[in-house]
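What the coordinates show
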Amino acid sequence: MQNILEVLQDTAIDTLKLLPFLFITYLIMEYIEHKTSNKVKQVIQKSGKFGPLLGGIVGIVPQCGFSVSATNLYSARVITLGTLISVYLTTSDEMLPILISEAAPAGLILKILAIKLVVGIIAGFIIDLVINVIGKTKKVEPEEAVGHMCEHDHCDCEHGIFKSALKHTINIFIFITIITFAINTLIHFIGEETIEKAIAGVPVLGILVSSIFGLIPNCAGSVIITELYLSNLISFGSMIAGLLVGSGIGILVLFKSNKNIKENLTITGLLMLVGIIVGLIIDFVI
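Keep in mind that this is a model prediction, so the values were computed, not measured.

Looking at helix H10 (residues 205-214)
All of the buried residues in H10 are Gly206, Ile207, Ser210, Ser211 and Gly214. Each buried residue of H10 sits inside an arc of 130° when the element is viewed along its axis, so together they form one side.

Here it is as structure tokens:
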């Protein structure tokens, strides 16, 4: 019982100090999204062959719903597959507010964002190039596109940025508390060195686990991955692999709005493949 109380105390100390930083970060992010979302959507619609470049740039901006917008645009064949993949790979979801609230070094945050941006843009252009070469680009009339979800539906943005930021903060704070408690419990009863050795003993394990967590179609994946890295339980490459795969609820909306299930599974597979390859390169080469 004493051990559990110690874990609860450590968890409370670790998480309560994050609250003001989380709220301020989300308030800024909500403001940015309200001011830029429509303009960003118009830019990406007119991007043409430069879609992956612009998709990567706007995807890296901390907006809670652009992966949803990009998904709907792709379902209507307004943007290319490469552009969609670029947006998915660069989308940061909850990573940025967590790193900021945890007072992570600015150099680390910029490094992560730079890797995601470069990987997203390169992967997007390669995918579009391959599709053009093999000639499998399928034209779909606008009326064939089905399903629609407003990019703000999951943000509660229509009630103002303050309420939306507060809702986001509370939801993420609760989830961070649960994850932190679970991690602290493991460290307390098993030991940090034992966990690190177990993961290090199977080098690819951390990358595969992170990639799977990244597919979780909400904030859970990026929260788990970021917290595991900040707790020194997974490598930098493993974290990058998971964060590349994570696209918020974009994948969930894709399966709802795009009728081609085989294509949706291919897109999901491409995301995982890119994440795993980049994670392996970082851990074993760099």
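Looking at the side chain of Thr268
With respect to the helices and strands, Thr268 occurs in helix H14 (residues 261-284). With relative accessibility at 13%, the residue Thr268 sits in the buried group. Among the polar contacts made by the side chain of Thr268, one reaches the main-chain carbonyl oxygen of Asn264 at a distance of 2.9 Å. Discounting residues that sit within four places of it in the chain, Thr268 has contacts with Leu215, Ile251 and Phe255.

Digging into the nonpolar core
Leu84, Ile112 and Phe236 are the most contacted members of the largest nonpolar core, which totals 53 residues. The element that contributes the greatest number of residues to this core is helix H7 (residues 106-134), accounting for nine residues. Leu84 has contacts with Ala70, Thr71, Tyr74, Ile79, Leu254 and Ile267, leaving out every residue within four places of it along the chain.

Cut-off values and rules
- Residues numbered from 1 in each chain as written.
- Predicted model: local features only at pLDDT ≥ 70, side-chain atom pairs only at ≥ 80, totals over all residues.
- Heavy atoms only, no water.
- Buried < 20%, exposed > 50% of the residue type's maximum accessible area, 1.4 Å probe, protein only.
- Helix = DSSP H or I, 4+ residues; strand = E, 2+ residues; numbered from the N terminus.
- Arc of directions from axis to C-beta.
- Polar contact = N/O pair within 3.5 Å; in protein donor to acceptor, adjacent residues only side chain to side chain.
- Contact = heavy atoms within 4.5 Å.
- Core = buried A, V, L, I, M, F, W, Y, C linked by side-chain atoms within 4.5 Å.

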